[in-house]
Amino acid sequence: MRTQFPTVSRAPALLLTVLVAANVAACTGGSNPVRDIATAVGAGPRVAPTPDFVARSRPQNLDYMPIGTAEEGRPTPARSATEIKAAESELDALRARNEAAGAAAARLGGTPPPEPVTLPVKKPQSPRQKTNSNPNP
């Protein structure tokens, strides 16, 4: 006996294909047509307005810096040779202060540890006899 499969007309199959393609395409972009329709009807999520402090703290234009472009310049000017020498001498003085503090701490921590306390050694006692045993067998 030959098995017959139910035939599907072209119109519902085409409509189903278009709906699936629309849902897949909606996932790739910034909008979601199913969510937008559900929100318009009143069944979707309620979109709360952005708080004022959030809107003020975020930039209006979120364009990213293109890759491979050079910055316009330094935000601060480069140091001169005298400023570099002054910073080096300041760091050398700071290092000398830290080394002196470390040496002082090493001298304070260099005391020998205290001797352990010696306890008197007790002699082992002879085993006790049982009180209810017969001393003479």
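Counting restarts for each chain, with residues numbered from 1 along the sequence as it is written. With the structure being a predicted model, the display of local features is reserved for residues of pLDDT at least 70 and the display and counting of side-chain atom pairs for 80 or more, all residues being used for whole-chain, interface and lining totals. As a rule here, side-chain values come from all non-hydrogen atoms in the structure, and water together with hydrogens is ignored.

1. Observations concerning the overall build of the protein
In step 1: Counting secondary structure elements, the protein contains four helices and zero strands.
In step 2: We call a residue buried when its accessible area falls under 20% of the maximum for its residue type, exposed when it is over 50%, and partly exposed in between, using a 1.4 Å probe and counting protein chains only. In the protein, buried positions account for 2% of the 137 residues.
In step 3: Calculation of accessible area relied on Shrake-Rupley with a 1.4 Å probe; when residues are assessed, cover is drawn exclusively from the protein chains displayed. Accessible surface, the protein: about 14,100 Å² in total, of which carbon and sulfur atoms supply 61%. The numbering of helices and of strands both runs from the N terminus, where a helix is a DSSP run of H or I of at least 4 residues and a strand a run of E of at least 2.

2. What about the pattern of salt bridges?
In step 1: Any carboxyl oxygen of Asp or Glu that lies within 4 Å of a side-chain nitrogen of Lys or Arg is treated as forming a salt bridge with it. By the definition in use, this model includes one salt bridge.
In step 2: Between arginine 95 and aspartate 92 there is a salt bridge, with the nearest N and O atoms lying 3.3 Å from each other. One end of the pair is arginine 95 and the other is aspartate 92, both in helix H4 (residues 81-109) and three residues apart, which spans about a single turn.
In step 3: Judged by relative accessible area, which is 41%, aspartate 92 ranks as partly exposed.

3. Observations concerning a nonpolar patch on the surface
In step 1: Patch membership is restricted to residues that have no salt bridge and whose relative accessible area is over 30%. Joining uses 9 Å for like charges and 5 Å for the nonpolar side chains Val, Leu, Ile, Met, Phe, Trp and Tyr. A cluster of nonpolar residues, Leu16, Val20 and Val24, forms a patch on the protein surface that exposes about 280 Å² of accessible area.
In step 2: Within the element layout of this structure, valine 20 appears in helix H1 (residues 10-28).

4. Describing the confidence of the model for the protein
In step 1: Of all residues in the protein, 82% have pLDDT values of 70 or greater, and the mean over the chain is 81.
In step 2: At the low end of the mean pLDDT range in the protein sits H1, at 76; at the high end sits H4, at 95. Scored between 0 and 100, pLDDT is the confidence that the predictor attaches to each residue.

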